[in-house]
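Observations on chain architecture
Listed here are the chains, written in short residue letters.
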Amino acid sequence: MPSATVNNHRPSELLSRLASAEPEVKVRALREVKNQIIGNRTKKLSFLNIGAAPAVADILANSFDDVIANNCNNNNINNILIQSAAVLGSFACGFDAGVQAVLDAGAFPNLLRLLANSNEKVVDAGARALKMIYQSKLAPKYDFLQQKNMEFLISLLNSENENVSGLGASIITHSCETSLEQKALFDAGILRKLNSFLEGGSLSQRDASLESLASILKNNSEVILKFSGPEIGRPLSSVIDLAKNRYPRTRLLACMCLIVIRNTSPHFLQDVGIKTKLIRILLELLDDPGQVGDEAPFAFSSLIAQKEDLQKLALEANAIDKLHHHLQKGSLHPRRYEGILLALADMCSKLESCRSKFISLQVLNLVTDALTDDNADVRTAACICLKSVTRSIKNLSAGYFMNEIIVIPLVQLFLDPSTSVQVAALAAISNIVVDFTTFKSIFVQCGGMKQLVQLAKSIESAVRSNALWALKNFVFLADNRLKEGVFSELTASLLSSLICDPEPSVQEQALALVRNLVDGCINSIEFVFAEDGLILGAIGRQLQSASKAEIGIQGMYALCNVASGNEFHKEAVMHQLFPLVGDKNQSFMSKFLQSNDSQLCTATVWTIVNLTCPSSPGASRRLEKLRNTGIVSQIKNMVNDPCVDVKC
Amino acid sequence: MASSKKLITREEWEKRLKDVKIMKEDMNKLMMNFLVTEGYVEAAEKFRMESETEPDIDLATITDRMAVKKAVQCGNVEKVNDLNPEILDTNPQLLFHLQQQRLIELIRNGKVEEALEFAQEELAPRGEENQSILEELERTVSLLAFEDVSNCPVGELLDVSQRLKTASEVNAAILTSQSHEKDPKLPSLLKMLIWAQNQLDEEAAYPGINDFSNATLEDRAV
């Protein structure tokens, strides 16, 4: 056999040899395909493209007949089974296109049949291939609720063969979804079995069990309660012990399991000791150079997200320093990069102390670098991180963020091919443009404002709504010149059509934008009258058919601001509120006043106050009209309203 | 400083040592663990017969593993894939090191054309798929640029040590895939001993072990 020669067997040639009638030729060809494709995504793709999956699946299928017919050539047949299973498994390994091809070729049921074979190596090959398939989202859904299937699963878990029991655990991890399934698995005694693996199993069995446990316990407080009860032993402590295991992957999986338990049933794992331990272990796992270190920041995020107490503990454990340290290392695997950025985002999402730490360490520079990374998920994560950090009012008002280093790359991301990046960038900018100083001109200069208006016309509703949000913040307390700039770019017709946008979230933001536009000096009110009162009319129409309270609130405040103007303005508002002369039907004003939402009531009352303030000439006339529609008596009743704002 | 340390004479030390009980079975197990993990299958077999100590893994698997180790020394991946196709499919670093070894062997044997073709066909795509591999790849390929390979800056790649490093990596990967500990216990014991002696050095003067190959009791080298 030639030593170490380059493979000059082209895929097509190998494929034709696969079709040979001679078993030995077949086995050699299969083996060679296997050796060419293992670890080589490019080769996997080229073989798949010439139909290798169906070819090998057929060989597997046909071999079963031979197994029954031919007892003497057992060795060759077993080799064919082993090699074809290995090839199919390799196609499926970490490669969705491969999984799809293997499933489409109908190989799945035959791979299952291999598990019953008497030859241990054949069973191994089948189990491995199936495990690869089950690691993909494309794997067929396993119906746990069918008795037969549950029994089969139990037989897998009880097998002496580690590949087979590992397959059983894999199926649970990837197919268990509903609480019904979780309960069924519990009732069938699966948790007990998994727990036995935790305490007495091998390394791979322990790891597999931890993953399966997490999927059975997730979001199911009932099962968790039973799990930690006395019937099963002391499984919770087993898991806690494994969090200190010598193998990094085991530690990570144990932590993830504990986090699932904690997030579902918060009264478990409450004491400071365990919280601190979890934080410390996860931060240490960041040091792992491999996949464990890549996944650790995600687990950390799931632990601390939305939880101030944990964020505080993490801050004390120097989490931000450590995350910063890892960011500094550079040339990070994209998954790790994304994870660290999201972890920082979660840390800074609520606590000013964390944001201060972040800024003092000058992590910002590294995060802005990530805005231009090749990987879309990394860019999104960087934007999300910026969104968290820019919630710092102290630094916003110091104008810390409104500078070219941050704003320009963010604005460039408005044109990013990925929608999630666009949306995240818009969210980050929304905070920055609230800037209380007068640095807003930088944003206009780099074309940011024009970009936002463009994005307000996007076909994606999330992009439209976030763009409007950013514009709304941008014009907040801005001077009239700035507002005029925005308005002339936006145009009255666009704004009015956005007010009537099919998506409620877009309507809400558009109305909020108008509210901010007309707030302030009396000249700003003219915006709603442009082009024959397009916008004012749109507001009125939208308030008639407001689908949720928030829309009503913004619209009402917008009208309220208009009503703070002169006579002409007030009359125009009245016209919107009561469009038909002598209309006896309940105006939306009454509805709003009766609403449970106190903000809505308040906004409506303020509008009325503005309309009827005694200093303006037509006030009594308007008051009369309001009295006629019963609004005044409604308000009199509200004097006793429990909500303080409304009372005033 | 030395006077504040407690002095323990050799007699006293040896007396204390005598009082420490250890079991022969434990030592046999450690021995077996070492032979098995390192892959000395014949020695393990003989030792098993003579000491009646049971290995904690099937000796047959060691034979497989050693065959793989040997094949791997020239960069042959096929035997690893026969043993367990998952190992190289899920371990890009290891796969790269094996292929790197193959490239090195081609260059060592002067097969420049083949080496170039191999680098282009097999290794370049790996580098594209995986940035961290790129640097090592470039180093290896640069071997081709030198006339006198044994004396060039990257000459160490041709060393036996490189081969052994890769073989050791494969050995560890196989052991892990078999759910076996990849490190023997004996080195950990020695490390523990070194640590304990260092700790004790701060408190006492006593006869310790300085040379681990003969393990005789001597005065501790200060």
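To start, this report covers the structure provided alongside it. These figures come from a predicted structure and were not determined experimentally. (Residues numbered from 1 in each chain as written. Chains lettered and ligands numbered in written order. Predicted model: local features only at pLDDT ≥ 70, side-chain atom pairs only at ≥ 80, totals over all residues. Heavy atoms only, no water.)

**Side note on the overall build of chain A**
Applied cut-off: Starting at the N terminus, helices and strands are each numbered in turn, a helix being any DSSP run of H or I of at least four residues and a strand any DSSP run of E of at least two. Throughout, the radius of gyration refers to the C-alpha atoms, and the reference size of a globule is 2.2 Å times the residue count to the power 0.38. Residue burial is assigned from relative accessible area. The probe radius is 1.4 Å, only protein chains are included, and a residue is buried under 20% of its type maximum, exposed over 50%, and partly exposed in between. Here a residue-residue contact requires only that any non-hydrogen atoms of the pair lie within 4.5 Å. Each accessible area value is a Shrake-Rupley result obtained with a 1.4 Å probe; residue values ignore everything except the protein chains displayed when judging cover. The charged-residue count follows a simple rule in which Lys and Arg add positive charge and Asp and Glu add negative charge, with His and chain termini not counted at all. Here the site of a charge means NZ on Lys, CZ on Arg, CG on Asp, or CD on Glu.
When helices and strands are counted, chain A shows 41 helices and zero strands. Against the compact-globule benchmark of 26 Å for 648 residues, chain A has a radius of gyration of 32 Å, which places it well outside the compact range. Overall, chain A is about 110 × 60 × 55 Å in size when its C-alpha atoms are taken along their principal axes. Considering chain A as a whole, with its 648 residues, one finds that 56% of them fall into the buried category. Expressed as a percentage of contacts within chain A between residues at least 6 apart in sequence, the contacts between residues at least 24 apart total 69%. Of the roughly 28,200 Å² that chain A leaves accessible, carbon and sulfur atoms contribute 52%. One finds the centroid of the 63 positive side-chain charges in chain A at a distance of 3 Å from the centroid of its 63 negative side-chain charges.

**Some remarks on the side chain of K570 of chain A**
Residues and elements named next belong to chain A. Here is the rule: The term salt bridge refers to a pairing of a side-chain nitrogen on Lys or Arg with a carboxyl oxygen on Asp or Glu at a separation within 4 Å. In the analysis that follows, any N or O atom pair within 3.5 Å is treated as a polar contact, provided that within protein one partner can donate a hydrogen and the other can accept it, and provided that, for residues neighboring in sequence, both atoms belong to side chains.
Tracing the backbone through its elements, the reader meets K570 in helix 36 (residues 567-577). Put simply, K570 is tucked away with no salt bridge, and the nearest opposite charge, on E567, sits 6.2 Å away. One polar contact links the side chain of K570 to the main-chain carbonyl oxygen of N610, over a distance of 3.0 Å. Contacts of K570, omitting those with residues within four sequence positions, involve A563, S564, G565, N610, L611, C613, S616 and R622.

**Looking at the pattern of salt bridges**
Per the stated rule, a full pass over the model turns up 39 salt bridges over all chains. Salt-bridge contacts for E156 of chain B lead to R139 of chain B; the nearest nitrogen and oxygen are separated by 2.9 Å. Remark: R139 of chain B occurs in helix 9 (residues 131-141) and E156 of chain B occurs in the loop between helix 9 and helix 10 (160-177); sequence separation between them is 17 residues. The class for R139 of chain B is partly exposed, based on a relative accessible area of 32%. Through salt bridges that share partners, R31 and K34 of chain A together with E78 and D82 of chain B make up one connected network.

**Brief notes about the packing of aromatic side chains**
All names here are of chain A. Counted only if it meets this: Whether two aromatic rings pair depends on their centres lying within 6.5 Å, for rings of Phe, Tyr and Trp, where Trp uses its six-membered ring; planes under 30 degrees apart make the pair stacked, over 60 edge-to-face, and the rest tilted. Two conditions define a charge located above a ring, namely a distance within 6 Å from the ring centre to NZ of Lys or CZ of Arg, and an angle within 35 degrees of the ring normal.
Under the definition given, this model contains six aromatic pairs over all chains. Between F443 and F474, the aromatic rings sit 5.2 Å apart at their centres with planes inclined by 55 degrees, giving tilted as the arrangement. Of this pair, F443 sits in helix 28 (residues 440-445) while F474 sits in helix 30 (residues 461-475), and the two are 31 residues apart along the sequence. The ring of F298 has R335 sitting right over it, with the charged end atom 3.8 Å from the ring centre. Its guanidinium or amino end placed over the ring of Y557, R515 lies 4.1 Å from that ring's centre, counting from NZ or CZ.

**A look at the nonpolar core**
In plain terms, the rule: Here the nonpolar core consists of buried residues drawn from Ala, Val, Leu, Ile, Met, Phe, Trp, Tyr and Cys, with membership extended through side-chain atoms lying within 4.5 Å.
One finds F300, M347, F358, L410 and F443 of chain A to be the most contacted residues of the largest nonpolar core, which totals 217 residues. Beyond its immediate stretch of four places on either side in the chain, L410 of chain A contacts L371, C383, L386, A425, A428, I429 and I432 of chain A. Of all hydrophobic cores here, the second largest spans 16 residues; its members include F96, I107, A115 and L123 of chain B.

**Observations regarding unusual backbone geometry**
All names here are of chain A. Of note, N219 is a non-glycine position whose phi angle comes to about 60 degrees, a positive value. Tracing the backbone through its elements, the reader meets N219 in the loop between helix 13 (203-217) and helix 14 (221-228). On the basis of relative accessibility, which here comes to 63%, the residue N219 falls in the exposed class. One non-glycine residue, D532, lies in the positive phi region at around 65 degrees. Looking at where D532 falls in the secondary structure, it is placed in helix 34 (residues 530-544). Relative accessible area serves as the criterion here: at 81%, D532 is assigned to the exposed category.

**Thoughts on the packing of helix 26 (residues 404-412) of chain A against helix 27 (residues 419-432) of chain A**
To describe two helices that pack against each other, one gives the angle between their axes and the distance between the axes. Residue and element names in this part refer to chain A. Heads up, the rule is: The axes used here are C-alpha line fits, helices contributing only the stretch in contact, and every angle between their N-to-C directions lies in the interval 0 to 180 degrees. If you view the pair so one helix is near and one far, a crossing is left-handed when the near helix is turned anticlockwise from the far one by less than a right angle, and right-handed when it is turned clockwise. When residues are sorted by character, Ala, Val, Leu, Ile, Met, Phe, Trp, Tyr, Cys and Pro go into the nonpolar class, Asp, Glu, Lys and Arg into the charged class, and all the rest, Gly among them, into the polar class.
The contact between helix 26 and helix 27 brings their axes to 9 Å, and the two run at 145 degrees. With respect to the hand of their crossing, helix 26 and helix 27 are arranged in left-handed fashion. Contacts from I406, V407 and L410 of helix 26 reach helix 27 at A425, A428, I429 and I432. Partitioning the contact of helix 26 with helix 27 into residue classes produces seven nonpolar, no polar and no charged.

**Side note on the interface of chain B and chain A**
Inclusion rule: A 1.4 Å probe defines the accessible area here, and the buried area is the portion of it lost by two parts on being joined, summed over both.
Residue-level contacts link 25 residues of chain B with 30 residues of chain A. For the pairing of chain B and chain A, the buried interface totals around 2,300 Å² over both sides, and the portion due to carbon and sulfur atoms is 42%. Its largest share of buried area at the contact with chain A, chain B owes to E86, D89 and S179 of chain B, together 24% of the area lost on that side. Across the contact surface, chain B and chain A share nine salt bridges. The tally of links between chain B and chain A comes to 16 residue pairs in polar contact (both at pLDDT 80 or more). For the side of chain B that touches chain A, the elements supplying multiple residues, two or more each, are helix 5 (78-83), helix 6 (85-89), helix 7 (92-108) and helix 8 (112-129) of chain B.

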